[in-house]
Amino acid sequence: MSQTICEVRGVEKSFGSNRVLRGIDLSMCAGEVTVLMGANGAGKSTLVKVLCGVHSADEGELVLAGNPYTPVDAADAISQGVVTVHQSIDDGVIPDLDVATNLMLDKLTAPGAGLFVNDRKLRAEARKVAEAMGLTMNVRQLVSELDVADRQMIAIARALARSPKLLILDEPTSSLSATEAERLFALIDRLRSAGVAILYISHRMSDIRRIADRIVSMRDGSISGLFDTQPLDYEGAVTSMLGHAMTDVDITPETNSAPILCLKAIKLREDSPPIDLVANDGEVIAVTGLLGSGKSQLAEVIFGLSRPIAGKMKLDGGSYQPANAKSAVSAGVFMSPKDRASNAVIPDFDIANNMTLPFLGSFSRYYKLSDRKQRRASEEMIGNIGIVCQSNRDGIGTLSGGNQQKVMIARWLLKPGRVLLLDEPFQGVDIGARRDIGRHIRATAKGRATIVFVAEIDEALEIADRIIVLNEAAIAGEHINQNIDLAKLVAEVSGPSLSPALAG
Amino acid sequence: MNNERILNLAIRYGFLVLLAGIVMYFSLAAEGFASPRSAVFVLQSVAITGILALGVTSTLVVDGFDLSIGSVATSSLMLSAYSMVILEYSAFVTVLLCLTMGALVGLVNGLLIVKMRVPDLLATLGMMFLLIGLQRIPTQGNSIATGMRLPDGSIAEGTFAAEFLWIGRHRFDMFIEKLFPMPVVVFLLVAVAVWLFLGFTRHGRLMYAIGSNQRAAELVGTNVSRYKVLAYMISGVLASVGGILLAARLGRGDIASGNNLLLDSVAAALIGFAVLGAARPNAFGTAIGALFVGILLQGLTMMNAPYYTQDFVKGAVLVAALVFTFYLSSRRSSAGRH
Ligand SMILES: Nc1ncnc2c1ncn2[C@@H]1O[C@H](COP(=O)(O)OP(=O)(O)OP(=O)(O)O)[C@@H](O)[C@H]1O
Ligand SMILES: [Mg+2]
């Protein structure tokens, strides 16, 4: 029997009249990965924030290694050995500093650190930490220039370097690709055998299958199930977190409709072959591939954020060459970008204003914005895709991560468009809600072409009529979503294991 | 729970209560404070800074800052004197010239920031020095008044047009004859217009969105550059309006006037953050902020406090307002501000 590192007893926490945690009991043992599952808004991140000293519990107590544990703030929690990687990535890094400083921040703040910073030494040490994580970026680069995945890896690297007793990872893989996730799992395996207790939160079944020793499921602020007998009952855990069995998706692929968007010989990179793609009316296409396979690049080209090296696009038969997001939107091409915190959320606005932002013109009469129209429209979308909130006046920052993401998707479903591009739309969205949103997107698909860019093959299979695989900015395969040969699809995603060019 | 309620009330209404309290205190303590005349005097003293402050507010909304407003106002003051006294243009042309100058300065500020990527503080600081210098060149650093000797030896014959002086000096009858000054009317009109524009049109809403997350605003199809330039142009035009009113009140191109304009109007805009717990730049707050400072100074003057305590009092109010805004609202679980 392994020793209990941390225990949570009867913890309660409310925000105003919203009772978020309603008596949580939980224990975490050394050398064990406890996976915490729960729908968006169940209270997982709130529990994490209580554990790591960001919030204080209203009721209940925490025990760490046999002693009462009441962290006064995040720094205190860390010094007692509770280290957290937060769901919101920007909580974990300082964008205006370079990679080396970010990795070595703890050295700089440690008591007894010298007055002067020895940059050379700092960078050498940072390089060591980076290497241990398999990070290849230049340590002198500014973090703000990196993409989400790299930023997330830096936050994780820093956490691991702190030699934690209890490591908390709140959706660490939501913006990582499979290869990076695998690197993280290997590190988790190492920590587990070194006797660290790990609390791991994720909505990705593939993560959970890979690393869970036990699963705790949470619903509406209470623990609703504990699964610790091998083999783990994954389906049971999902059922207990949702409160009902998961509904199946069945897709009959849409074929033979009129084309809306045509890409002709689009070249994304100098050395990549041209891409041809036709997106049809009512069709949902999933573009999948590893990180760096060119998915986001393709989305950006279609949305006018960058120009292709070569090639043309046609929209409804006419030439389509958007110069920027504005001209794309006015042509009826909408995009929900990935990395919502940097690219989509307006932190000062409430739900209704965040949601209606692109279409304020149609919520105005003459020159005056109609608050009532905005609220009515967003209220309807809140119901349609199941956003967990108190009211449409809630500040966006008070929503759970997954619910913020739902607002960002809802934003582009408010008005009919010709082309809808969704780049990683399910980042942080729970399994149940993902299905509901997928169903809503499919149900409203008539009249537009929908292209979804996802790294997870599961997500592609759930939503698409047709799946296109990108590899190295080229189309590696195309499948109608019916009796798909999964092995072939996976092989196409990962690409030829060793390309002749590299081998030679 | 109950504590949170009180905290919310304090954040929302605290500043207004404070304002009411101060008004009441002065009414009792200073004889003649609670009279229409003194009220109008307060309004008149804040009209010009208030108008400038509303301009700064619109740049604060897009997460910018305009340091050049004070110098735009004084440039507009000098330009109007130059235009009427030396060039002998009419009042109408003069006003038009000044407004165009303000819009142009705003445009240049905006383009420097948007196209040349100069940080806003630096761009507008540079513009401020440039204008302070420029407005002195045509008259070799002298004030402009009728009868002055020009560099070429001739005498300036022009005078301030009566219509022009009317803008600054006319008083409308209200309750009492000749009570309500024209600059106050302009201030109120501008305040209502900016309030409606920022708070209730989609353009205003998009400007707030830009201020909160520029990248996200851009990706929903907002023309970010255009709105930013617009904000600086509003600021420039309003500053030139302030300058016109100042010129029309003084009736001469006084090179030394308008020194405090920049700091006073920035203070009003920042105090505005605290009004109704907005915690963001807003037109209503800015107007109240300007009024607050005006009332305080008028009250102190009437109680015979020495003039040199004024800046200290302004500073104290500003710090109190900032504490109200940022400390208290960081303690409440934040709701959406729009
Ligand atoms: N600062 C806050 N103020 C008010 N309400 C909050 C705040 N933080 C969280 N909440 C509310 O608490 C509830 C739980 O949020 P939490 O972030 O813990 O969910 P979660 O389980 O992590 O969900 P997700 O899977 O989407 O990340 C939500 O209803 C949210 O609206
Ligand atoms: Mg969460």
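Because the structure is predicted, anything quoted here is derived from the model rather than measured.

Regarding the overall build of chain B
For chain B, the helix and strand inventory stands at 13 helices and two strands. Relative to a compact globule of 338 residues, whose C-alpha radius of gyration would be 20 Å, chain B shows 21 Å and is just as compact. Referenced to the eigenvectors of the C-alpha coordinate spread, the extents of chain B come out at roughly 75 × 55 × 35 Å. In chain B, which comprises 338 residues, the proportion classed as buried is 52%.

Some details on the side chain of Thr-286 of chain B
Checked against the element boundaries, Thr-286 of chain B lands in helix α12 (residues 283-302). Ignoring sequence-local partners within four residues, the contact set of Thr-286 of chain B consists of Ala-53, Leu-54, Thr-57, Ala-268, Ala-269 and Gly-272 of chain B.

A closer look at the side chain of Asn-102 of chain A
Of note, Asn-102 of chain A is situated in helix α3 (residues 99-103). Those residues in contact with Asn-102 of chain A, other than ones at most four positions away along the chain, are Val-93, Ile-94, Leu-97, Val-143, Ile-154 and Arg-158 of chain A.

Some remarks on the sheet that holds strand β5 (residues 67-68) of chain A
Residue and element names in this part refer to chain A. If you trace the four strands from one edge of the open sheet to the other, you get β2-β1-β4-β5, paired in antiparallel fashion. Pairing within the sheet leaves two strands with one partner each, and these edge strands are β2 (18-29) and β5. Where strand β1 (residues 4-15) meets β2, nine bridges bridge the pair, whose relative direction is antiparallel. Each bridged residue has a counterpart across the sheet, and for Val-11 the counterpart in β2 is Ile-24. Each of β1, β2 and β4 (59-64) is contacted by helix α1 (residues 44-51), which is oriented at about 65 degrees to β2, the strand it contacts most.

Some thoughts on the sheet that holds strand β15 (residues 318-319) of chain A
Residues and elements named next belong to chain A. One open sheet accounts for four strands, arranged β12-β11-β14-β15; its pairing is antiparallel. Bordering the open sheet on either side are β12 (275-280) and β15, each of which pairs with just one other strand. Across five bridges, strand β11 (residues 259-267) lies against strand β14 (residues 310-315) in antiparallel orientation. What sits directly across from Leu-261, in β14, is Leu-315.

Considerations on the coordination of the magnesium ion (ligand 2)
All names here are of chain A. Around the magnesium ion (ligand 2), the donor atoms from the protein are Ser-45 (OG) and Gln-87 (OE1), and they sit 1.9 to 2.1 Å away. Of the two residues, Ser-45 sits in helix α1 while Gln-87 sits in the loop between β6 (82-85) and α3, which places them 42 residues apart along the sequence. Each member of the pair, Ser-45 together with Gln-87, is buried.

Description of the site of ligand 1
Neighbouring ligand 1 are 21 residues, the closest being Lys-44, Ser-45, Thr-46, Ser-400 and Gly-402 of chain A. At the site occupied by ligand 1, nearby residues are drawn from chains A and B. A distance of 2.7 Å separates an oxygen atom of ligand 1 from a polar atom in the side chain of Lys-44 of chain A. A distance of 2.7 Å is found between an oxygen atom of ligand 1 and a side-chain nitrogen or oxygen belonging to Ser-400 of chain A. Taking 640 Å² as the accessible area of ligand 1 by itself, protein coverage stands at 88%. Contributions of two or more residues to the shell around ligand 1 are made by β2, α1 and α15 (401-413) of chain A. By residue class, the composition of the shell around ligand 1 is five nonpolar, 14 polar and two charged.

Structural notes on the interface of chain B and chain A
Across the boundary between the two partners, chain B contributes 24 residues, which contact 33 residues of chain A. Of the roughly 2300 Å² buried between chain B and chain A on both sides combined, carbon and sulfur atoms contribute 62%. There are zero salt bridges connecting chain B and chain A. At the level of elements, α8 (202-212) and α9 (214-219) of chain B are the ones that each hand at least two residues to the side of chain B that touches chain A. Broken down by element, the residue count for the side of chain B that touches chain A peaks at six residues, all from α8 of chain B.

What about a positive patch on the surface?
All names here are of chain A. A cluster of like positive charges, contributed by Arg-365, Arg-372, Lys-373 and Arg-376, occupies part of the molecular surface. Of the residues forming the positive patch, the biggest block, three residues, is contributed by helix α14 (residues 371-385). Along the chain, Lys-373 falls in helix α14.

Comments concerning a negative patch on the surface
Taken together, the side chains of Asp-233, Glu-235, Asp-248 and Asp-250 of chain A define an acidic patch exposed on the protein surface. Mapped onto the secondary structure, Asp-233 of chain A falls in the loop between β10 (222-227) and α9 (234-242).

A look at the state of the cysteines
All names here are of chain A. Summed over the entire model, instances satisfying the criterion amount to zero disulfides over all chains. Its sulfur unpaired, Cys-6 is 10 Å from the next cysteine sulfur, which belongs to Cys-29. Cysteine Cys-52 is unpaired, with the sulfur of Cys-6 as its nearest cysteine sulfur at 11 Å. Given a relative accessible area of 3%, Cys-52 falls into the buried group.

Some words on the pattern of salt bridges
A side chain with one charge may pair with a side chain of the opposite charge, provided their charged atoms come close. Residue and element names in this part refer to chain A. One pass over the full model with this rule turns up 22 salt bridges over all chains. Here Glu-459 and Arg-434 are joined by a salt bridge, their closest N and O atoms 3.9 Å apart. Here Arg-434 lies in helix α16 (residues 431-443) and Glu-459 lies in helix α17 (residues 457-463), a separation of 25 residues in the sequence. When its relative accessible area of 9% is taken as the criterion, Arg-434 is described as buried. One salt-bridge network, in which partners are shared between bridges, spans Glu-182, Asp-189, Arg-192, Arg-210 and Asp-213.

Observations regarding the environment of Ser-45 of chain B
Relative to the helices and strands, Ser-45 of chain B is located in helix α2 (residues 36-61). Along the primary structure Ser-45 of chain B and Gly-299 of chain B are separated by 254 residues, whereas in three dimensions their C-alpha atoms are 12 Å apart.

Observations regarding the packing of α15 of chain A against α16 of chain A
Residues and elements named next belong to chain A. The interhelical angle for the contact between α15 and α16, taken along N-to-C directions, is 5 degrees, at an axis separation of 12 Å. In terms of their interaxial angle, α15 and α16 are classed as roughly parallel. Judged by residue contacts, Lys-406, Ile-409 and Leu-413 of α15 engage Ala-433, Ile-437, His-440 and Ile-441 from α16. Among the residues forming the contact of α15 with α16, the class breakdown is five nonpolar, one polar and one charged.

Thoughts on the domain arrangement of chain A
Residue and element names in this part refer to chain A. Segmenting chain A into domains produces domain 1 (4-245) and domain 2 (247-346 + 415-503). The C-alpha centroid of domain 2 is placed 31 Å from the C-alpha centroid of domain 1. In this complex, domain 1 contributes 23 residues to the contact, which on the side of domain 2 involves 15 residues. For the interface between domain 1 and domain 2, the tally reads two salt bridges. Linking Arg-204 and Glu-456 is a salt bridge whose minimum nitrogen-to-oxygen distance equals 3.6 Å. Linking domain 1 with domain 2 are four residue pairs in polar contact (both at pLDDT 80 or more). Those elements giving two or more residues to the side of domain 1 that touches domain 2 turn out to be β3 (33-38), α6 (148-160), α8 (205-211) and α9.

What about α16 of chain A?
For α16 of chain A, built from 13 residues, the straight-helix expectation of 18 Å at 1.5 Å per residue is met to within 8% by its first-to-last C-alpha distance of 18 Å. Two or three places before Gly-432 of chain A, at the start of α16 of chain A, stands the capping residue Asp-430 of chain A, its side-chain oxygen 2.8 Å from that residue's backbone nitrogen.

Examining α12 of chain B
Relative to the 28 Å expected for 20 residues at 1.5 Å per residue, α12 of chain B spans 29 Å between its end C-alpha atoms, a close match to the ideal helical length. Counted residue by residue, α12 of chain B has 16 buried out of 20 residues, so it is predominantly covered.

A look at the packing of aromatic side chains
Ring pairs (aromatic) are described by centroid distance and by the angle formed between their planes. Residues and elements named next belong to chain A. Summed over all chains, the structure comprises nine aromatic pairs over all chains. Centroid distance Phe-334 to Trp-412: 5.1 Å. Interplanar angle 35 degrees. Geometry classified as tilted. With Phe-334 in strand β16 (residues 333-336) and Trp-412 in helix α15, the pair connects residues that are 78 residues apart, well separated along the chain. Here the aromatic rings of Phe-359 and Trp-412 are separated by 5.9 Å at their centres, their planes lie at 80 degrees, and the arrangement is edge-to-face. Remark: Trp-412 occurs in helix α15 and Phe-359 occurs in the loop between α13 (351-356) and β17 (364-365); sequence separation between them is 53 residues. Judged by relative accessible area, which is 9%, Phe-359 ranks as buried. Classification of Trp-412 by relative accessible area gives buried; the value is 2%. Cluster of aromatic residues (ring-pair linked, three or more members): Phe-334, Phe-359 and Trp-412. Sitting over the face of the ring of Tyr-234, Arg-209 holds its NZ or CZ atom 5.2 Å from the ring centroid. If you follow Lys-415 out to its NZ or CZ, it ends over the ring of Phe-363, 5.0 Å from the centre.

Rules used throughout
- Residues numbered from 1 in each chain as written.
- Chains lettered and ligands numbered in written order.
- Predicted model: local features only at pLDDT ≥ 70, side-chain atom pairs only at ≥ 80, totals over all residues.
- Heavy atoms only, no water.
- Helix = DSSP H or I, 4+ residues; strand = E, 2+ residues; numbered from the N terminus.
- Rg over C-alpha atoms; globule rule 2.2 N^0.38 Å.
- Buried < 20%, exposed > 50% of the residue type's maximum accessible area, 1.4 Å probe, protein only.
- Contact = heavy atoms within 4.5 Å.
- Pairing = 2+ DSSP bridges.
- Axes fitted to C-alpha atoms, helices over the stretch in contact; angles between N-to-C directions.
- Donors = N, O, S within 2.8 Å, 3.2 Å for Na, K, Ca; no water.
- Near = heavy atom within 4 Å.
- Polar contact = N/O pair within 3.5 Å; in protein donor to acceptor, adjacent residues only side chain to side chain.
- Areas by Shrake-Rupley, 256 points an atom, 1.4 Å probe, with all protein chains shown as cover.
- Nonpolar A, V, L, I, M, F, W, Y, C, P; charged D, E, K, R; others polar.
- Buried area = accessible area lost by both parts, 1.4 Å probe.
- Salt bridge = Lys/Arg side-chain N within 4 Å of Asp/Glu carboxyl O.
- Patch = residues over 30% accessible without salt bridge, like charges linked within 9 Å, V, L, I, M, F, W, Y side chains within 5 Å.
- Lys, Arg positive; Asp, Glu negative; His and termini not counted.
- Charge placed at Lys NZ, Arg CZ, Asp CG, Glu CD.
- Disulfide = S-S within 2.5 Å.
- Parallel < 35°, antiparallel > 145°, perpendicular 65-115°, else oblique.
- Domains from an automatic or database assignment.
- Expected span 1.5 Å × (residues − 1).
- Phe/Tyr/Trp six-rings, centres within 6.5 Å; stacked < 30°, edge-to-face > 60°.
- Lys NZ or Arg CZ within 6 Å of the ring centre and 35° of its normal.

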